Amino acid sequence: VASGEPCGSAMTLIQYAAGLVTVAALLAYIITRAYKIGLTLLATSPTPTGARFASGILRSFALGEDKFYCADGAPEAIATKRRAGMDALAASFNQQFAKSQKASETVLAGISDLRFTDTNRVPFPFQKLVREKLNVATLALSSEGPVIVDLDGNKSLDISGSYGVNVCGYDRYKEWMSAGLERTKALGPVLGPLHPIVGENLAMIKAVSKLDEVSFHMSGTEAIMCAVRLAAFNKRRKLVVCFAGAYHGWWDGVQPGPGNERKNTDVLCLKDMSPASLTAIRARASEIACVIVNPLQGFNPNSPPPNDMVLMTASIRKAASTQTLDTYAVWLKQIRQVCTECDVPLMFDEVYTGFRMAPGGAQEYYGVNADMVVYGKTLGGGMPVGVVCGKKELMRRFDPEHPLRVSYVIGTFAAHPLTMGTMNEFLRWVTSPAARTVYTTVGTQFDAWIGDTNAALEAASLPLKVHNLTTVWTIIFSQPGRYHWMFQYYLRAEGIALSWVGTGRLLISLDFTPEDFATVRAALLRAGKRMQDDGWWYLGTAENPITSGSISAGMGKEMAYHTVMKTIRDGLLAEILCLPEADGPRAPKAVPPTTLTGFYEEIMRRKADDHAASHSNCVNQFMHLISSTIFIYNYYTFWGNCTTTMVLGLFSLFLRQSGHAIFEPPCHDEEELLLGFNTRSKCFVVAGYTLAPLVTLLQLSGTYNFVQALEPVAKSWLWVTLFFVLGHTGLLWLQYGFRISMVWLVKLVTDPFTDVAAYYPSAVNVWSSPDWKTAGWDTFQSHLRGEPKHAAAAAKDKKIE
């Protein structure tokens, strides 16, 4: 044994050492991992996560005509002017686009894509009424230069650019499509064998992209899917880095924000133009398959593509200054340097910018070369296309060391002969010296047009500015406003064709002439003047100005109110309170009183309406007289004796509601015109109020005697009462404003006093009143079923028969 002790001690030391090494390694891993995660969190943009979270909570609602025209707090006179402007615009559309509107009804009913875009042209609270009044037809017959001719023969100057496809001008694409078909029609739709023209295209694309290999696809989104998959496969890494606001197609693998129901655990959405993002890329380099950049983000860093659907206020849309664009070019060079140092592939998504910013795309424009580039849209020469270009080591689809490990990326219509033919025509033009001259000439003209147009808009005192990045441009609104999205419809009325995103993302094509530029400027000025005259840019008065703050506060109240109320209606509380289907508490007149006299008159009017709706029975009036007297006494006991207040309050509520339920005929339609409550819902409220303290007392009976338990239960009950009263007041405040909410609260508090004053004659008349005979089980059941007065009366008459 003694001889074995040294051996045992040695083993123990080895075990301790192994344990310490294991613990140290584990701690090192945890610390390193926590450090990397911390750096990532500092660099991560909160926008996508926040937007996805909000999209699951925020509830939709539609503003009715009574609020549609004064959603920014404008007075009735301005609302009337806006209504007239909307009606005139609708009449103009109906006359101008009669055939197109009729034909588009069939198309909209059958194509979900169009139904989506047609719905999302404006902020969601305004969508319902806009769709009813302003039917934007989507049917066109022909194009003539940058002009589109619709079914009614109207000619509109197109600044939509066909979602980025139209860089060179529609007439050029029509020529290329005809020439491409002529060169490949002998082969037809043969797939598998490649037309020889593919070789020519390959050489030109490699020259433009400065990369080794090419893969053909049918759309930009499909090409992005291919590029990301190949990068992950060849680098054996799973994380994809993109930047806030950048759009890379509709594939959920690169869409961390709303629109994607899949949880993206392999996408890091970092802040654009942030040093923290570069630090995070360095820290996570061994996990990152690629960094994707959409070079168009230099126009609006950290913001999604501008769209009138989200144009809630002017502050939502911004455009980069020249200084910011210069800084963005430096930023791209910094990303390039970090990616090179860390062996992380840099990918440019040039589906939109390729061949638009310059003949060589964003790589040429910014002077930065990527490891992979994705093209689409205009590269097809008028046909659908997506192309991935990359370094040879990143484009491999199989693992030479593991034959079963492959990256399966292939498509039936890839390298379709017709697409290859039209692509060839485009590439031969865009790589020519003549094309470079066109780019320079039109770009210079457009830059000058931007400056001259801004001067004209300022001279006309219109709250508009235009900004551009090469041939991409946008309209910026220089004053607060909640109706800026209406400008797209005034532009359409002036003969300007826009895409469904409205004034957010606009394009010119390289076939624009000085006359076309002049036409667009004139249309901007006319549309702006009409919109201004119709009152949409009203800024309020010195006493009540309309500001960004007031607009944001109003929108916040609307969204909070409707979200809370719809959430309540979808849950158990809706059943308990029996809330009506209409939106929340509805005041019969939602115009807030402006004077003390008006405030008093509004309260008394509502009391009179309440009396007429459900207080006509003499016995019910007498029961209200008794309960109101007790309530008045409760105002005194409230401050010193919670138990007495609860007991008397519960008795008074029960007595008060019994008068309605047993003696008054059902009149739910009139009652709901008050503030959303009727006898049925109030019965459930009173039942809940009565049962809650009784159940609590029974639960406490095993621990405390009945008297001891009364006081804490009474205090809790009073707090719950205050919560519901103040909560309902808050909902009214959100819906109608502070003054209307105070009307309801003051009416509630003063009801016992006015009831005593109104119903004291019942103390004498009740004993001989025939109203005692109206009491009955049928009346009570009718209340609980929520029957309207006429239905209950018919049921009663039928039973008598």
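Residues numbered from 1 in each chain as written. Predicted model: local features only at pLDDT ≥ 70, side-chain atom pairs only at ≥ 80, totals over all residues. Heavy atoms only, no water.

With that settled, the discussion passes to the overall build of the protein. Counting its regular elements, the protein contains 30 helices and 16 strands. Every one of the 801 residues in the protein was classed for burial, and the buried ones make up 48%. In the protein, the proportion of contacts linking residues at least 24 apart, taken out of those at least 6 apart, comes to 76%. In the form shown here, the protein has an accessible surface area of approximately 38,000 Å², with 64% of it arising from carbon and sulfur atoms. (Helix = DSSP H or I, 4+ residues; strand = E, 2+ residues; numbered from the N terminus. Buried < 20%, exposed > 50% of the residue type's maximum accessible area, 1.4 Å probe, protein only. Contact = heavy atoms within 4.5 Å. Areas by Shrake-Rupley, 256 points an atom, 1.4 Å probe, with all protein chains shown as cover.)

Helix 27 (residues 738–759) packs onto helix 22 (residues 618–637) with a crossing angle of 135 degrees between their chain directions and a minimal axis gap of 8 Å. With respect to each other, helix 22 and helix 27 are oriented oblique. Note that helix 22 runs across helix 27; the crossing there is left-handed. Here helix 22 contributes Gln 621, His 624, Leu 625, Ser 628, Thr 629, Phe 631, Ile 632 and Tyr 635 to the contact with helix 27, which in turn contributes Leu 748, Val 749, Pro 752, Phe 753, Asp 755, Val 756 and Tyr 759. Of the residues assigned to the contact of helix 22 with helix 27, the class counts are 10 nonpolar, 4 polar and 1 charged. (Axes fitted to C-alpha atoms, helices over the stretch in contact; angles between N-to-C directions. Parallel < 35°, antiparallel > 145°, perpendicular 65-115°, else oblique. Left-handed = near helix turned anticlockwise from the far one by under 90°. Nonpolar A, V, L, I, M, F, W, Y, C, P; charged D, E, K, R; others polar.)

With the rule as written, the count across this model stands at 27 salt bridges. Asp 72 is the partner of Arg 82 in a salt bridge, and the nearest nitrogen-oxygen pair spans 2.9 Å. Placement of the pair is Arg 82 in helix 4 (residues 76–96) and Asp 72 in the loop between helix 3 (65–68) and helix 4, with a sequence separation of 10 residues. Looking at Arg 82, the relative accessible area reads 0%, which means it is buried. Arg 262 is the salt-bridge partner of Asp 252, the closest N and O atoms lying 3.3 Å from each other. Here the residue Asp 252 occupies a position in the loop between strand 5 (239–243) and strand 6 (267–270), and Arg 262 occupies one in the loop between strand 5 and strand 6, the gap between them amounting to 10 residues. (Salt bridge = Lys/Arg side-chain N within 4 Å of Asp/Glu carboxyl O.)

Right, let's talk about the confidence of the model for the protein for a bit. Put simply, the protein has an average pLDDT of 84, and 84% of its residues get 70 or more. Predicted confidence for residues 574–589 stays below pLDDT 50, and this span has 55 contacts to residues more than four positions away or in other chains. Confidence drops under a pLDDT of 50 for residues 789–801, and excluding neighbours within four residues, the segment shows 7 contacts in the predicted structure. (pLDDT = per-residue confidence, 0-100.)

Right, let's talk about the pairing of strand 6 for a bit. Burial along strand 6 is two-sided: Val 267 and Cys 269 facing one way and Leu 268 and Leu 270 facing the other are all buried. Pairing of strand 5 with strand 6 involves 4 bridges; the strand directions are parallel. By the bridge assignment, Val 241 is partnered in strand 6 with Leu 268. (Pairing = 2+ DSSP bridges.)

Moving on: the environment of Ile 197. Mapped onto the secondary structure, Ile 197 falls in helix 9 (residues 197–209). Distance in space between the C-alpha atoms of Ile 197 and Gly 421 is 6.9 Å, their sequence separation being 224 residues. Excluding residues within four positions of it along the chain, Ile 197 makes contact with Arg 183, Met 420, Gly 421 and Asn 424.

We now examine the packing of aromatic side chains. A full pass over the atoms with the stated rule returns 30 aromatic pairs. Ring centres of Tyr 173 and Trp 176 lie 5.2 Å apart, and the angle between their planes is 80 degrees; this geometry places the pair in the edge-to-face category. Here Tyr 173 and its partner Trp 176 are both found in helix 8 (residues 170–184), 3 residues apart, which amounts to about one turn of the helix. This pair shows no difference in class: Tyr 173 is buried, exactly as Trp 176 is. (Phe/Tyr/Trp six-rings, centres within 6.5 Å; stacked < 30°, edge-to-face > 60°.)

Before going further, it helps to spend a moment on the side chain of Asn 234. Secondary-structure assignment places Asn 234 in helix 10 (residues 220–235). A polar contact is formed between the side chain of Asn 234 and the backbone oxygen of Leu 230, at a distance of 2.9 Å. One polar contact links the side chain of Asn 234 to the main-chain carbonyl oxygen of Leu 394, over a distance of 2.9 Å. Setting aside its immediate chain neighbours within four residues, Asn 234 contacts Glu 393, Leu 394, Met 395 and Arg 396. (Polar contact = N/O pair within 3.5 Å; in protein donor to acceptor, adjacent residues only side chain to side chain.)

Further remarks concern a nonpolar patch on the surface. On the surface, Val 23, Leu 26, Leu 27, Tyr 29, Ile 30 and Ile 31 cluster together into a nonpolar patch covering about 620 Å² of accessible area. Structurally, the position occupied by Ile 31 is in helix 1 (residues 5–43). Taking the relative accessible area as the measure of exposure, Ile 31 reaches 58% and is therefore exposed. (Patch = residues over 30% accessible without salt bridge, like charges linked within 9 Å, V, L, I, M, F, W, Y side chains within 5 Å.)

Apart from glycine, the bulk of residues carry a negative phi angle, and the bulk of peptide bonds sit in the trans form. In this model, Ser 162 sits at a positive phi of 50 degrees, which is unusual for a non-glycine residue. In the Ramachandran plot, Tyr 163 falls in the positive-phi region, its phi being about 60 degrees despite a non-glycine side chain. Secondary-structure assignment places Tyr 163 in the loop between strand 3 (155–158) and helix 8. In this structure Tyr 163 comes out as partly exposed when scored by relative accessible area, which is 47%.

In space, the 3 strands of this open sheet follow the order 13-14-16, with antiparallel pairing throughout. What marks the edges here is a single partner per strand, and that holds for strand 13 (464–469) and strand 16 (506–507). Strand direction decides the pairing type here: strand 13 and strand 14 (residues 472–477), joined by 6 bridges, are antiparallel. Residue pairing in the sheet places Leu 469 in a bridge with Val 472 of strand 14. Sheet contacts for helix 16 (residues 433–459): strand 13 and strand 14; angle to strand 13, the most-contacted strand, approximately 170 degrees.

Quick look at the sheet that holds strand 6 now. Neighbouring strands of a sheet are bound in pairs by backbone hydrogen bonds; such pairs are parallel or else antiparallel. Taken together, 7 strands build an open sheet; the order of strands is 4-10-9-8-7-5-6 and the sheet is mixed. In the strand order of this sheet, the two ends are held by strand 4 (213–217) and strand 6, each with one partner. Adjacent strand axes in the sheet meet at a mean angle of 20 degrees, parallel and antiparallel pairs treated alike. Pairing between strand 5 and strand 7 (residues 288–293): 3 bridges, direction parallel. Bridging from a neighbouring strand, Val 240 pairs with Cys 290 of strand 7. Each of strand 4, strand 9 (372–376) and strand 10 (386–390) touches helix 9; the most contacted strand, strand 4, lies at about 115 degrees to it.

The next subject is the side chain of Gln 101. For Gln 101, the position within the fold is in helix 5 (residues 98–110). Its relative accessible area of 9% is what places Gln 101 among the buried residues. With near-sequence residues (within four places) excluded, Gln 101 lies in contact with Phe 93, Asn 94, Asn 135 and Ala 137.

For the structure on display, the rule yields 1 cavity of 30 Å³ or more. Reported here for the largest cavity is a volume of approximately 60 Å³. Along the walls of the largest cavity sit Asp 118, Thr 119, Arg 121, Val 122, Gln 127, Val 130, Arg 131, Leu 134, Val 136 and Tyr 489, which together make up its complete lining. The greatest single-element share of the lining of the largest cavity, amounting to 3 residues, is contributed by helix 7 (residues 124–133). Split into classes, the residues belonging to the lining of the largest cavity amount to 5 nonpolar, 2 polar and 3 charged. (1 Å grid on protein atoms, 1.4 Å probe; cavity = no way out; pocket = protein on both sides within 12 Å on 5 of 7 lines; lining within 4 Å. Points joined across faces, edges and corners; volume = space filled by probe spheres on them.)

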